[in-house]
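In case you want the letters, here they are:
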Amino acid sequence: MSHETPSTVNLLVVEDSELDYELLLAILGRDQALTGLRVRAQRVEDEAGMRAAFAAGRIDAVVTDHNLPRFDSFSALKVAKSHDEDIPVLVLSGEMAEDLAVAALHAGADDFILKARMFRLAPALRRSLQAAEVRRNARRQAQALAASEARLRELTQHLERVKEEERRAVAREIHDDIGTTLTALKFELARLARALDGRAAAAPHINAMQDLLAQAVSAADRIQHNLRPPVLDAGLVAALEWLVQGFRNRTGVTATFESNREEIELAPERAAAIYRVAQEALANVAKHAHATRVSVQLFAAADEVSLEVADDGVGFDTHGAEATPGFGMRGLIERARGFGGWAEVNSAPGRGTTVMFSIPPGTPAAAAPAPREREWTDAG
Ligand SMILES: Nc1ncnc2c1ncn2[C@@H]1O[C@H](COP(=O)(O)OP(=O)(O)OP(=O)(O)O)[C@@H](O)[C@H]1O
Ligand SMILES: [Mg+2]
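Residues numbered from 1 in each chain as written. Chains lettered and ligands numbered in written order. Predicted model: local features only at pLDDT ≥ 70, side-chain atom pairs only at ≥ 80, totals over all residues. Heavy atoms only, no water.

Visitor: Please provide a residue-by-residue account of the pairing of strand 7 (residues 111–114), values included.
Guide: The side chains of a regular strand alternate, residue by residue, between the two faces of the sheet. Side chains Asp111 and Ile113 project from strand 7 onto one buried face, and the interleaved Phe112 and Leu114 project onto a second face that is buried too. Across four bridges, strand 6 (residues 89–93) lies against strand 7 in parallel orientation. The partner of Leu92 across the bridge, within strand 7, is Ile113. In the classification by handedness, the crossover that spans strand 6, the intervening helix 5 (residues 98–106) and the parallel strand 7 is right-handed. (Buried < 20%, exposed > 50% of the residue type's maximum accessible area, 1.4 Å probe, protein only. Helix = DSSP H or I, 4+ residues; strand = E, 2+ residues; numbered from the N terminus. Pairing = 2+ DSSP bridges. Right-handed = clockwise from strand over helix to strand, strands pointing away.)

Visitor: Any details on the pattern of salt bridges? Residues and values, ideally.
Guide: Evaluated as defined, the whole model comprises 25 salt bridges. For Asp20, the salt bridge goes to Lys115, with nearest N and O atoms at 2.7 Å. With Asp20 in helix 1 (residues 18–30) and Lys115 in the loop between strand 7 and helix 6 (121–195), this residue pair connects regions lying 95 residues apart in the sequence. A residue is classified by how much of its surface remains accessible, and Asp20, at 25% relative accessible area, is partly exposed. Between Glu160 and Lys163 there is a salt bridge whose closest N-O contact spans 3.8 Å. Taken together, the residues Glu160 and Lys163, both in helix 6 and three residues apart, mark about one turn of the helix. Using a relative accessible area of 38% as the deciding quantity, one classes Lys163 as partly exposed. Among the charged side chains, a salt-bridge network with shared partners connects Glu18, Arg43, Glu45, Asp46 and Arg70. (Salt bridge = Lys/Arg side-chain N within 4 Å of Asp/Glu carboxyl O.)

Visitor: I'd like to hear about the sheet that holds strand 7, residue by residue, with values.
Guide: Reading across from one edge, 2-1-3-6-7 is the order of the five strands in this open sheet, with parallel pairing throughout. Single-partner strands in this sheet number two, and they are strand 2 (38–44) and strand 7. Neighbour-to-neighbour, the strand axes of this sheet turn through a mean angle of 25°, independent of strand direction. Against the sheet, helix 6 makes contact with strand 1 (8–14), strand 2, strand 3 (61–65), strand 6 and strand 7, and its axis sits at roughly 155° relative to strand 6, the strand it touches most. (Axes fitted to C-alpha atoms, helices over the stretch in contact; angles between N-to-C directions. Contact = heavy atoms within 4.5 Å.)

Following this line, the structure appears as structure tokens:
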């Protein structure tokens, strides 16, 4: 059913007086040339009449008398809007009551017309039909926008998932290919060292090779861990501990981690999301904050798991036009929305920065997969 401003208007008139109705029709007929509206009207007197009329066919606009013996304009307005949120409704009244006019407009009426000034009716009807069309378009656009935002959110989540899967696959290859080779190399080197036992000339080379090998092992370990959040193996709390400790060692910033629980029941992809958020927030501290202290806190409640990363650094103006040139903060907010949670960044120049991220825990994984890595990483 199309809703362009019609040249023939199906008008529903809620009116108890036959005489007033005839007058109304006469006026609309007279003004037809002026407004270009051909009106096909029907009269009802109460709610049942209105509902029957809406059920029977298309109604483009409603004109309702305010004072009806079994009904009133506000109820008529409600009935009309319950059938069509955007339908124009004009209220007629025999007496001027400013309060009533204001209340009617507040309740959603398009216009309020005194019966003594019925010449206003046709132009008011035409204007309100156009206004209704504008409302309909706006609503359609808002719906289209919401749908497109929902699609974008889905896409973002999908990309996040794919990214995590890719990273895990790369981490696995590093582990399986490079890791096992390094382990083998280590054994061979130890054997070689034994075979060359006592040859002074070889000793420095053997030592150097062992050092290089240890470096390669720890580099592979680091890369693997950065690619694959240890969340899934070790649990979120241990993973965040590891992350914060690494941050402290790398940057020299005093970084602390606290959690209200040792173990947190959490869907794996949500745990990974929280881990990635902490990673991004700490990366921001290292890149932008010039902080001396940063605290990472995890708080798990029954319906919400929250992460807070607070630093005492330079801060920034979150309302500034170019406040978010990066994708880090945007990703944060999208991530939170995607999981039905919320995220917030509080900061001001000179006042440090606090990142908050909170999502429902989702359905925890049935059982954590047995750890299958690290048999080579901590040998050394
Ligand atoms: N902890 C912080 N201290 C001071 N400024 C910050 C902090 N976190 C973010 N900012 C400011 O907010 C901006 C946006 O951060 P965001 O993480 O979105 O982008 P980015 O870090 O610049 O780039 P990306 O994360 O995409 O690599 C930063 O460029 C920086 O100016
Ligand atoms: Mg960033």
